[in-house]
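# Examination of the molecular architecture
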Amino acid sequence: MSDQQPVDVCAAEEIEDGGMRTVPARETGWSDAITIFRDGDAYYALDDTCPHEKASLGEGWLENGEIECPVHQSRFSVATGAVACPPALRNARAHRVEVLGGRVVLSPGRLPGDVG
Amino acid sequence: MNGVDTPPGRPRLPGHVLVVGAGLAAVTLCGALREGGFPGRLTIVGDEPRLPYDRPPLSKQYLAGERELADIALQLPDWYHTHAIDLRLGTPVVMLDPAAGRVELADGKALAADAIVLATGGRARRLTVPGCESARALRTRADAQVLRDALAPGAHVLVVGAGLIGAEVAATASGRGCHVVLVDPNALPLQQAIGPPAARALHAQHAAHGVHVVCGSVVAVESGRAVLTTGEHVPADVIVAGIGITVNTELAQAAGLEVDNGVLVDAGMRTSAANVYAIGDVARIASAPHRSEHWDNARRTAQAAARSLLGLPPQNPPAPWFWTDRYGTHFEMAGHYHPRARPVQRGDIETGQGTVFYLRGSRCVGAVSLDRPLDVRAAQRLIDRNVDVEAAQLADEDVDLRKLLKPRA
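Structural notes, computed from the coordinates.

So, how was this worked out
Numbers given to residues run from 1 along each chain, matching the order in which its sequence is written. For naming, the first written chain is A and the first written ligand is 1, with later ones following in the order written. Local features in this predicted model are restricted to residues whose pLDDT is 70 or higher, and side-chain atom pairs enter the listing and the counts only when it is 80 or higher, whereas totals over whole chains, interfaces and linings include all residues. Side-chain metrics in this entry use all non-hydrogen atoms of the structure; hydrogen atoms and water are not considered. Only DSSP runs of H or I covering at least 4 residues are called helices, and only runs of E covering at least 2 are called strands; the numbering of each starts at the N terminus. Radius of gyration: C-alpha atoms only; globule rule: 2.2 Å multiplied by the number of residues to the exponent 0.38. Buried means the residue's accessible area, taken with a 1.4 Å probe over protein chains only, is under 20% of the maximum for its type, while exposed means over 50%, and partly exposed covers the values in between. Contacts are assigned to residue pairs with any non-hydrogen atoms lying within 4.5 Å of each other. With residues, only the protein chains shown are counted as cover, and all accessible areas are computed by Shrake-Rupley using a 1.4 Å probe. His is not counted, nor are the chain ends, whereas Lys and Arg count as positive and Asp and Glu as negative. To locate a charge, the coordinates of NZ of Lys, CZ of Arg, CG of Asp or CD of Glu are taken. Two strands pair if DSSP finds at least two bridges between them. Think of each axis as a best-fit line through the C-alpha atoms, taken over the contacting stretch in the case of a helix, with angles from 0 to 180 degrees between the N-to-C directions. Expected helix span is computed as 1.5 Å times (number of residues minus one). Only the six-membered ring of Trp is used, alongside the rings of Phe and Tyr, when aromatic pairs are assigned; centres must lie within 6.5 Å, and planes under 30 degrees apart are stacked while those over 60 apart are edge-to-face, with the rest tilted.

Right, let's get into the overall build of chain A. In terms of helices and strands, chain A carries one helix and ten strands. Along chain A, from the amino end to the carboxyl end, the secondary structure elements read β-β-α-β-β-β-β-β-β-β-β. Computed over its C-alpha atoms, the radius of gyration of chain A comes to 13 Å, within 12% of the 13 Å expected for a compact globule of 116 residues. Within chain A, the proportion of its 116 residues that are buried is 51%. A fraction of 39% describes how many contacts in chain A between residues 6 or more apart in sequence connect residues 24 or more apart. Within the structure as shown, chain A displays about 5,300 Å² of accessible surface, and the carbon and sulfur contribution to it stands at 47%. For chain A, the centre of its 10 positive side-chain charges and the centre of its 19 negative side-chain charges are spaced 5 Å apart.

The structure is reproduced here in structure tokens:
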């Protein structure tokens, strides 16, 4: 659990379908930048730094519910952060993100299924 | 040995798959088999004593001292346990008997299996000029450790070979404050593989970072100095040869398998002997023009062999892909370079960031890119999906390449 406050990132339609937006650490207070991914009407959020080597997942390729690291092609589920393809061995940290009143609201440090 | 019963319509799965070699291909194969539901026994026999590790960092972050062995493990130690893989390290296989489905280990033990997969890789070629007995190569973790200890600031380092490994070692050594001389007989290394603009962009980095680049070769080494074909004498406290590998085909050859610059395999990685497969650097797909030694090829051939072992038909191979990291830049290539393919520039690869796509007709057949990996992601998909493209769109940086992949309305 985290005592960090939810962050109002942007209007839901500002991230196009299949697109993403990276929120710098200074705007969230989290230890890493966080990238929000949109897939259809669903939004997901992961720590931006690839767990394998220093690279920004927000500069990666989003397809079929997976983000592919731009550097070594590790792939992660955007919903859970689970590694879908090595060389990464460790999962990416997932955060809770939801659309409230047409706004994308990110809860850094909270897990996606973490309600309340 | 007993096979595992499978549902009707699927062939019997082997009860025990034994992999000779413990590198990326071996580990990928075992992972893919378990992912595909393989319920039988899995054994990996490797000659190196350590847990399987990833080799690309050996010439980069590991050599630079930025990463340690634990950081470059292919899988965490627990993974082998949870995937029920019997990992036998430090025990080379010395004999393969395909007919009996059996291997013998250096310690005198023998193991039987229903399918044997050769993932024996290769070993670094050594320099053979007079006086070069102390020259190092870089293939294993142990090689990298020795070299890393030798690359002290101020050391005079002679790197022989400016291909991928040699160039990466030169860059790492230069980053560690060594005085580096890089010798290669080709004026423009990698040109045939990646095309002239990319080859120029990469090769020019050496001189720009203070590396003394010599077009030539080493004649002899005498009392800490190397004599080059150009007549130059250069100080060489450390000599590193990056002149390619020799594939470890001896087991296969002695067992009577068909071998020709690699163990010959079909698209399903089957060798000429029943129930024996080959993957990774040591395998050569008989119908392909070349044998590949890239990281991605090791994975893909392992996945292809896993499909065969699971009784599944081969899939169309995706466009080949590799990368190299030097002097803080990241280069990638997908597909193939062909001198008659039409080059299309996006950005300018020779002045910093950019990509060259290679087209034949309306199809992308290859792409090379410096610090623009997403262009290569797009190229891989353009190639794999046989998408028709226009050169003007590829060249226009305002065109989102992902949009080119979407089916047109």
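Here we take up the sheet that holds strand β8 (residues 83-85) of chain A. Read from one edge to the other, the open sheet built from four strands follows the order β5-β6-β7-β8 (chain A), with strand pairing classed as antiparallel. The open sheet has two edge strands with one neighbour each: β5 (61-63) and β8 of chain A. If you compare each strand with its neighbour and ignore which way they point, the axes differ by 30° on average. Sheet topology note: the β5 of chain A/strand β6 (residues 66-68) of chain A ladder contains three bridges and is antiparallel. Bridging across to β6 of chain A, W61 of chain A finds its partner in E68 of chain A. Its contacts with the sheet put helix α9 (residues 373-384) of chain B on β5 and β6 of chain A, and the angle it makes with β5 of chain A is roughly 40°.

Okay, the environment of V376 of chain B next. Residue and element names in this part refer to chain B. The residue V376 is located in helix α9 in this model. Sequence separation between V376 and T82 is 294 residues, and the spatial gap between their C-alpha atoms is 35 Å. Those residues in contact with V376 that sit more than four places away from it in its chain are W321, E332, M333, A334 and S369.

A few words on helix α8 (residues 295-309) of chain B. Here α8 of chain B contains 15 residues, and its C-alpha end-to-end distance of 21 Å stays within 8% of the 21 Å for a straight helix at 1.5 Å per residue. Every buried residue of α8 of chain B is listed here: W295, D296, N297, A298, R299, T301, A302, A305, A306, S308 and L309 of chain B. Where the residues of α8 of chain B are buried, they touch β8 of chain A together with β1 (16-20), α1 (24-35), β7 (115-118), β19 (276-278) and β21 (321-326) of chain B. Residue G311 of chain B follows α8 of chain B closely and has a positive phi angle near 80°.

Geometry of an aromatic ring pair is reported as the spacing of the ring centres plus the angle between the planes. Residues and elements named next belong to chain B. Counting across every chain of the model gives six aromatic pairs over all chains. On the basis of an interplanar angle of 85° and a centroid distance of 5.1 Å, the ring pair of W79 and Y80 is categorised as edge-to-face. Look at W79 and you get buried, because its relative accessible area is 14%. The exposure class of Y80 is buried, given its relative accessible area of 4%.

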